[in-house]
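# Overview (structure and organization)
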Amino acid sequence: MNVAKKERVTMVVCSGDLDKALMAFTLINAAAALDMEVSVFFSFGGIDIVTKEGARRESVGLFEKIHSFFARGGAERLGLSKYNLFGIGALATKSRISRKKIMTLNDHIAAAKELGVKFAVCEMAMETMGVKKEDLIDGIDEVTGAASFLANIGDAKINYFI
């Protein structure tokens with residue numbers, strides 16, 4: 001018997017901006033709800049989305065310590081790509097999301113995992129950003145290199161980069 005393969009969708013998320021993360025997860029969950037096989041690769045800024053809230057980055061020098069102070073991870077700590085205004089824009093956006101009863105980013109992440117979306121995190125970016133495996137949220141399927149991720153998604157028909 002010939003079993004049809006599911007259409008595959010891949011998403012590389014390298015932005016840690018709230019608005020971009022919400023758009024990414026809207027597409028991720030829509031594809032998964034349409035019974036597509038979805039794989040997401042989080043790199044650099046995107047790692048903040050899947051880092052536990054409050055996790056401190058490994059830091060050695062002054063600049064790394066400053067970066068660690070500001071980049072404490074967690075989907076709820078993300079700012080906007082534009083009009084963030086020292087966090088006021090992000091608070092206003094989150095307030096509007098709550099009032100309109102729209103899914104939060106954490107809701108989107110939970111829904112994606114329930115729908116079987118595979119999460120991979122870039123090992124090199126973790127090293128560069130000072131993020132350890134124990135800093136990542138539950139539900140990460142693998143920590144891998146870009147080449148391994150690309151080798152496993154070669155036949156995907158839809159590929160996004162956000």
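Everything in this summary refers to the structure shown in the same document. Owing to the predicted nature of the structure, the values given are computational and were not obtained by experimental measurement. Within any chain, residue numbers begin from 1 and follow the written order of that chain's sequence. Per-residue local features are limited, in this predicted model, to residues with pLDDT of at least 70; the limit for side-chain atom pairs, both in listing and counting, is 80 or more; totals at the level of whole chains, interfaces and linings are taken over all residues. As a convention, hydrogens and water are excluded, and side-chain values are obtained from all of the structure's heavy atoms.

### Concerning helix α4 (residues 105-114)
Along α4, the residues classified as buried are Leu105, His108, Ile109 and Ala112. Viewed end-on, α4 has its buried residues packed into an arc of 100 degrees, placing them on one side of the element. By definition in these notes, contact holds between two residues if any of their heavy atoms fall within 4.5 Å. Helix and strand definitions follow DSSP, with helices as H or I runs of at least four residues and strands as E runs of at least two, each counted in order from the N terminus. Turning to α4, the residues buried within the fold contact α1 (18-33) and β3 (118-122). Just beyond α4, the residue with positive phi is glycine 116, at close to 85 degrees. Here the term buried applies to any residue with accessible area under 20% of the maximum for its type, exposed to any over 50%, and partly exposed to those in between, with areas from a 1.4 Å probe on protein chains only. By construction, the arc corresponds to the directions joining the helix axis to the C-beta atoms.

### Re the side chain of threonine 144
Inspection of the secondary structure puts threonine 144 in strand β4 (residues 142-144). Residue contacts for threonine 144: discarding those within four places in its chain leaves Phe41, Ala120, Val121, Cys122, Glu123 and Phe149.

### Re the nonpolar core
In this structure, Phe25, Ile28, Val40, Phe42, Ile49, Leu105 and Phe119 are the most contacted members of the largest nonpolar core, which totals 41 residues. Going through the elements one at a time, β1 (8-13), α1, β2 (37-42), α3 (88-99), α4, β3 and α5 (123-129) are the ones with two or more residues in this core. In terms of residue count, the dominant contributor to this core is α1 (eight residues). Ignoring any residue separated from it by four or fewer positions in sequence, one finds phenylalanine 25 in contact with Phe42, Ile49, Leu105, His108, Ile109, Ala112 and Phe119. Definition used in this section: a nonpolar core is a set of buried Ala, Val, Leu, Ile, Met, Phe, Trp, Tyr and Cys residues joined via side-chain atoms within 4.5 Å.

### Description of the side chain of threonine 10
Summarising the element assignment, threonine 10 is placed in strand β1. If sequence neighbours within four positions are ignored, threonine 10 has contacts with Ser39, Phe149, Ile153, Ala156, Ile158, Asn159 and Tyr160.

### So, the environment of aspartate 19
Locating aspartate 19 in the fold gives a position in helix α1. Each C-alpha atom, one on aspartate 19 and one on glycine 79, is 8.0 Å from the other, the two residues being 60 residues apart in sequence. Setting aside residues up to four positions removed in sequence, aspartate 19 forms contacts with Gly79, Leu80 and Ser81.

### Some details on the pairing of β2
Most of β2 sits out of view: five of its six residues are buried. Strand pairing requires that DSSP identify at least two bridges connecting the strands. As judged from the six bridges shared by β1 and β2, these two strands associate in the parallel manner. Within β2, the residue paired with valine 13 across the bridge is phenylalanine 42. Taking the sense of rotation as the criterion, the β-α-β connection linking β1, α1 and β2 turns out right-handed. Two strands pair when backbone bridges link them, and β2 and β3 are joined in this way by four bridges, in the parallel orientation. Across the sheet, residue phenylalanine 41 finds its bridge partner in β3, namely alanine 120. Throughout, right-handed denotes a crossover for which the path from the first strand over the helix to the second runs clockwise when the strands point away from the viewer.

### A look at the pairing of β1
In terms of burial, β1 is largely enclosed, as six of its six residues are buried. Going residue by residue along β1, you find Arg8, Thr10 and Val12 tucked away on one face and Val9, Met11 and Val13 tucked away on the opposite face as well. Pairing of β1 with strand β5 (residues 158-161), which is carried by four bridges, proceeds in the parallel orientation. In the strand pairing of β5, valine 9 is matched with isoleucine 158.

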